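Listed below are the residues making up each chain.
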Amino acid sequence: MKKEPDIHEHNDVRLFDDLSAITRDGPQLDLIQRRVQQFILSFGRRPRILVCPTAPGARKQTVNHIGSILAQWGFDADIGPIEKSPEQIARMALENDVHIIVIFCSKNLIHQETTELLSALKNLDATDILVAVFGPAPEFVKDSDSRSNRVGKADLMVFNPKSAKDVILMLDNLTRKN
Amino acid sequence: MDAQFYIDGVLEQKRAVIAKSITLVESSLPAHQETAQTIIDGLLPHSGDAMRIGITGVPGVGKSTFIESFGMMLVAQGHNVAVLAVDPSSSRSGGSVLGDKTRMEKLSMHANAFIRPSPTSGTLGGVAKKTRETMIVCEAAGYDVILVETVGVGQSETSVASMVDFFLVLMLAGAGDELQGIKKGILELADAIAINKADGNNIDRAMEARNEYASALNLMESKSLVWDVPVLTCSALTKDGLDNIWATIREHRQKLSDAGELTEKRQSQAIDWMWSLVEEGLKDRFFKDPDVKNQLQKTIDAVENGLTSPSVAAQELLHLHGK
């Protein structure tokens, strides 16, 4: 039986190194935290992000690690349960009133799962919540405008920051959406 | 959206509106706070009947697992359960990791449950102080049991105990130094103590711990004329003892209601709430005072460099604000 690709196989492990590197780099971290403060001044709260692994074999430790990095950037990071359905993730995002959901999917399911999640959010009338795919842009969104991380009609983003600038761009997108 | 939109939505039990209302309540923006106050005023007449239960315990005691099992038992009995989980924020970045739903997987998906984790600090020094308002939103939305989970041992426990009807302290068996390690203040706040993880080969140790806590409580003055704090055992894993805890909570409510103590408690809590809002308002005004703003950094520098003592600096700043 073919093994289901797990979170590490789908998402380049270097991505974790990128996130850690940004966090360890004082000036870059400072830039992000300053942008977060601006966000708070605009919206009265921190950017709130739901990190949700849907891939079979996704490790809780990995997700917690990312949550911890986001908290160091100044975000409020909700950690979602592993392997939940798009409907369940959408409900959680709605109740926690997050700004963005970052999902980890199996490579072969990413198109289906993101589509279903966007649909579930629409059903709950929660279209103000952005969805981002963790890792390099999947094939079906590769023709998107990568500079702004916006995909299609801006419903789907890619969470793949290489520097503070990318994180700030994401916050700019959240600001526009809200 | 105006306040009436949120009031109507909460009363109609619309999840999205409940969630957005809580966000407004927790917001640091003055415009949001104003709207939130109108919402709370509008919802207040529809609240007050719910069981407000605070749950605390040291990290690792199994609070979230307990709430998952306890909450599932309550929804099976037909209750609507809201869980307000308070998670710690980083003192350096201010950000938080909010992970409670990972340990409440069944409850978080139940139609009669609503779970909202909130960071302890956030933008204006502590969301826990907004938990009262959040409880009112949930009560008005029809949740008749409100579980407020707090982290570890600290100031948040005192704060939460002052806003709930029943304060449950979860403990673990088998740690020999437990009694020494427990802050007396936490035991004074408790309406019941439950030794969790009383299952498998831990049952004997749980019973032993129960006796130790019961002895310790005998040495403490009771805070109620009609209620002696019981020490119970339970297992969130096997669900043993959960029904007994619920029966205890209901008995407590009945006894305190009959004696008029529940009304007194809520009146006293309303006064506490008022004072906490006064304190919050004073602090807010202090930091917005232009004279204080102009002088603040200079004073901080002077204290940092040892040129002024902290007490003198504080007096100077307070004097500036009092001008």
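Residues numbered from 1 in each chain as written. Chains lettered and ligands numbered in written order. Predicted model: local features only at pLDDT ≥ 70, side-chain atom pairs only at ≥ 80, totals over all residues. Heavy atoms only, no water.

Trainee: Got a minute to help me understand the overall build of chain B in this structure?
Mentor: Assigned secondary structure in chain B consists of 14 helices and eight strands. Over its C-alpha trace chain B gives a radius of gyration of 21 Å, about what one expects of a compact globule, namely 20 Å for 323 residues. The principal-axis extents of the C-alpha atoms in chain B amount to approximately 65 × 50 × 40 Å. Counting only residues that meet the buried cut, chain B has 51% of its 323 residues in that class. Long-range pairs, those at least 24 residues apart, make up 76% of the contacts in chain B with a sequence separation of at least 6. (Helix = DSSP H or I, 4+ residues; strand = E, 2+ residues; numbered from the N terminus. Rg over C-alpha atoms; globule rule 2.2 N^0.38 Å. Buried < 20%, exposed > 50% of the residue type's maximum accessible area, 1.4 Å probe, protein only. Contact = heavy atoms within 4.5 Å.)

Trainee: Can you walk me through the overall build of chain A in this structure?
Mentor: Counting its regular elements, chain A contains seven helices and six strands. Reading the secondary structure of chain A in the N-to-C direction produces α-α-α-β-α-β-α-β-α-β-β-β-α. Relative to all contacts within chain A whose residues are 6 or more apart in sequence, the contacts with residues 24 or more apart total 76%. In the structure as shown, chain A presents an accessible area of about 7800 Å², 50% of it carried by carbon and sulfur atoms. (Areas by Shrake-Rupley, 256 points an atom, 1.4 Å probe, with all protein chains shown as cover.)

Trainee: I keep staring at the nonpolar core and nothing clicks. Help me out?
Mentor: Most often, soluble globular proteins keep nonpolar side chains buried together rather than apart. Formed by 49 residues in total, the largest nonpolar core has its most connected members in I146(B), I193(B) and I195(B). What I146(B) contacts, discounting residues up to four positions off in sequence, is A50(B), M51(B), R52(B), I53(B), A82(B), L84(B), M135(B), C138(B) and E139(B). (Core = buried A, V, L, I, M, F, W, Y, C linked by side-chain atoms within 4.5 Å.)

Trainee: Can you help me understand the packing of aromatic side chains in this one?
Mentor: Remark: the centre distance and the inter-plane angle together describe each pair of aromatic rings, the angle taken between the planes. Summed over all chains, the structure comprises seven aromatic pairs over all chains. A ring pair is formed by W73(A) and F75(A), whose centres lie 6.1 Å apart and whose planes are at 65°; its orientation type is edge-to-face. Of the two residues examined, W73(A) and F75(A), each falls in the buried class. A ring pair is formed by F286(B) and F287(B), whose centres lie 5.1 Å apart and whose planes are at 85°; its orientation type is edge-to-face. (Phe/Tyr/Trp six-rings, centres within 6.5 Å; stacked < 30°, edge-to-face > 60°.)

Trainee: Whenever I open this one, the interface of chain A and chain B confuses me. Can you help?
Mentor: Every contact between the two is made by 31 residues of chain A and, on the other side, 32 residues of chain B. Summing the contributions of chain A and of chain B, the shared interface buries around 2500 Å²; its carbon and sulfur component is 51%. Taken together, the links from chain A to chain B amount to three salt bridges. Where K20(B) meets D128(A), a salt bridge forms, and the shortest distance between an N and an O atom there is 2.7 Å. In this structure, the connection of chain A to chain B is made through 20 residue pairs in polar contact (both at pLDDT 80 or more). Breaking the side of chain A that touches chain B down by element, the ones donating at least two residues are helix 3 (26-43), helix 4 (60-73), strand 2 (76-79) and helix 5 (86-96) of chain A. Ranked by residues supplied to the side of chain A that touches chain B, first place goes to helix 5 of chain A with six residues. (Buried area = accessible area lost by both parts, 1.4 Å probe. Salt bridge = Lys/Arg side-chain N within 4 Å of Asp/Glu carboxyl O. Polar contact = N/O pair within 3.5 Å; in protein donor to acceptor, adjacent residues only side chain to side chain.)

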